[in-house]
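Chain residues, written in single-letter form:
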Amino acid sequence: MLNDSSALAFCREVLPAVSRTFALNIPVLPAPLDTAVLVAYLLCRIADTLEDEVQGPASAVLLAQLARLSTLPEGWREDARRFTQEAARVLRAQAPAAEVRLVEGTGQVLEALGEHAAPVREHVATCLRLMTEGMGRMGSKGRASGGGLGLDSLEETLEYCYYVAGTVGEMLTRLFEWYSPEVARRARTLEPRSVAFGNALQLTNILKDVREDLERGFCWLPRTVLAEHGLTPEALLEPGNRGAALEAHGRLVAVAHRELRQAFEYVMGLPREEHGIRLFCLWPLFLAVMTLRKLYGNGRVLEPGPVKVSRRTVKWVVAATKLLVARDGALKLMFAALTAPLPA
């Protein structure tokens, strides 16, 4: 583990405020992989905040600046100061305080990135470049525009998922390979499934947050799927459309279920002796399964207030996977049993 500089100490301190899930699973990673993933996640979260909380062309400009800063170019510290000042100026007034603090601390996160090995820095910078380019290109499509809310097709929704999360799956796999020679030997099995790991988690979040996104003027659902049920994104929340909306939502739950199956194959491809890496992946994966079970056919997903798994469920997932982490047969039975109620 790297000795905690003030920059790393800031990263550890801010993490629980911006993500309870990653505050739970990053500490189970072995050192120095834990701090590499910590810094990488926070930079991705800064990009996510810029996409969500900055409106208009300023978002794409700041995303491009963040990608450049992640390469730690000459003079990056002064550039980072200007970046945070501009970002703080254009963030929505309703932006969560923890995310505002993270954006304002971009310089410290970059400082912590600079304390890591060159391969770590390269993998993180590659991810940020792909992610921010995609966000800049796709972000305006999810907002109300001449074509209305929503993305054109399921393929476009999955493309969006790739940019914001599939790229993270690719980066994590390369960081795992950097840390573990045994993981690197399994690259041909893992890398083709790494995108599905990120896509599954992102699509689950989209389905969970559909009402909140619509209220903020966003929609990442495909208009073609909604149209097959006589719906548009704008009409999705109308009480009279509840049955059709749940049918369309269920179709997309089935797609997330498909991606989760590939994500589970990804985890099964990780070496059994790498308990920390496996648990890091198993926890969000099984929590996504439990979230989809709670969402499927649940009219509350279209009502105010989040639908989420209970703390009791989180504790159960953590305990069960710790017990079964190296037992592939038992994990497969657990996955099959928990996904059985989900649509194929």
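Throughout this description, residue numbers start from 1 for each chain and increase along the sequence as written. Only residues with pLDDT of at least 70 are given local features in this predicted model, and only at 80 or more are side-chain atom pairs given and counted; all residues enter the totals for whole chains, interfaces and linings. Neither water nor hydrogens contribute to the side-chain values; these are computed over all heavy atoms in the structure.

What to know about the packing of aromatic side chains
Defined as follows: Stacked, edge-to-face and tilted are the three classes for Phe, Tyr and Trp ring pairs, Trp counted by its six-membered ring, which pair at centre distances within 6.5 Å; planes under 30 degrees apart are stacked, over 60 edge-to-face, the rest tilted. Per the convention used, a helix needs a DSSP run of H or I reaching at least four residues, while a strand needs a run of E reaching at least two, with both numbered from the N terminus. To sort residues, take the accessible area from a 1.4 Å probe on protein chains only and compare it with the maximum for the residue type: under 20% means buried, over 50% means exposed, and anything in between is partly exposed.
Taken as a whole and judged by the stated rule, the model has 10 aromatic pairs. Between the aromatic rings of phenylalanine 22 and tyrosine 41, the centroid separation amounts to 4.4 Å while the plane-to-plane angle is 20°, which identifies the pairing as stacked. Pair noted here: phenylalanine 22 is in helix α2 (residues 20–25) and tyrosine 41 is in helix α3 (residues 33–53), with a separation of 19 residues, a long-range link. Each member of the pair phenylalanine 22 and tyrosine 41 is classed as buried. The interplanar angle of 75° and the centroid separation of 6.3 Å between the aromatic rings of phenylalanine 264 and phenylalanine 286 together place this pair among those described as edge-to-face.

Topic: the domain arrangement of the protein
How we decide: Either an automatic procedure or a domain database provided the assignment from which the domain bounds are taken. Reported buried area values correspond to the accessible surface (1.4 Å probe) lost by two parts on association, with both partners' losses combined. When a carboxyl oxygen of Asp or Glu lies within 4 Å of a side-chain nitrogen of Lys or Arg, that pair is called a salt bridge. Whenever two N or O atoms come within 3.5 Å, that pair is a polar contact, provided that in protein one can donate a hydrogen and the other can accept it, and provided that, for residues adjacent in sequence, both atoms are side-chain atoms. Put simply, Ala, Val, Leu, Ile, Met, Phe, Trp, Tyr, Cys and Pro go in the nonpolar bin, Asp, Glu, Lys and Arg in the charged bin, and everything else, Gly too, in the polar bin.
Domain boundaries assigned for the protein yield domain 1 (1–117) and domain 2 (145–343). For domain 1 and domain 2, the distance between their C-alpha centroids amounts to 24 Å. At the boundary of domain 1 with domain 2, total buried surface from both sides reaches about 1700 Å², with 74% on carbon and sulfur atoms. The tally of links from domain 1 across to domain 2 stands at one salt bridge. Notably, a salt bridge pairs arginine 216 with glutamate 53, separated by 3.9 Å at the nearest N-O pair. Where domain 1 touches domain 2, the interface holds three residue pairs in polar contact (both at pLDDT 80 or more). Of all the secondary-structure elements, those providing two or more residues to the side of domain 1 that touches domain 2 are α2 and α3. Considering only residue class, the side of domain 1 that touches domain 2 consists of 14 nonpolar, two polar and five charged.

Some words on empty space enclosed by the protein
Using a probe with the size of a water molecule, rolled over the atoms, empty space left in the structure can be pinpointed. The following threshold applies: Of the two site types, the cavity is a set of points on a 1 Å grid over the protein atoms alone where a 1.4 Å probe fits but cannot get out, and the pocket is an open set with protein on both sides within 12 Å along at least five of seven lines, each lined by residues with an atom within 4 Å of a point. Grid points are joined across faces, edges and corners, and a volume is the space filled by probe spheres set on the points.
This model, assessed by the stated rule, comprises two cavities of 30 Å³ or more. Within this model, the largest cavity holds a volume of roughly 50 Å³. Along the lines of polarity and charge, the residues of the lining of the largest cavity split into seven nonpolar, no polar and no charged. Residues from two domains meet in the lining of the largest cavity; each of domain 1 (1–117) and domain 2 (145–343) gives at least three. Taken together, Ile206, Val210, Asp213, Leu214, Phe218, Cys219, Trp220 and Leu221 make up the lining of the second largest cavity. Ranked by residue count, the leading element in the lining of the second largest cavity is helix α12 (residues 210–215), at three residues.

Thoughts on the nonpolar core
As a reminder of what qualifies: Buried residues of nine kinds, namely Ala, Val, Leu, Ile, Met, Phe, Trp, Tyr and Cys, make up a nonpolar core once their side-chain atoms join them within 4.5 Å. Here, residues are in contact when the closest pair of their heavy atoms is within 4.5 Å.
Leu42, Leu43, Phe176, Leu285 and Phe286 are the most contacted members of the largest nonpolar core, which totals 121 residues. Ranked by the residues each element gives to this core, the list is headed by helix α15 (residues 275–295), at 14 residues. Both of domain 1 (1–117) and domain 2 (145–343) provide at least three residues apiece to this core. Those residues within four positions of leucine 42 in sequence are excluded, and the remaining contacts are Cys11, Val14, Leu15, Val18, Leu102 and Val109.

Section: helix α6 (residues 97–104)
Counted only if it meets this: In this description, one arc is meant: the one made by directions from the helix axis to the C-beta atoms.
Taken residue by residue, α6 has Glu99, Leu102 and Val103 as its buried positions. Around the axis of α6, the buried residues are gathered within 100° of arc, so they sit on the same side. Buried residues in α6 make contact with α1 (6–18), α3, α5 (76–90) and α7 (106–114).

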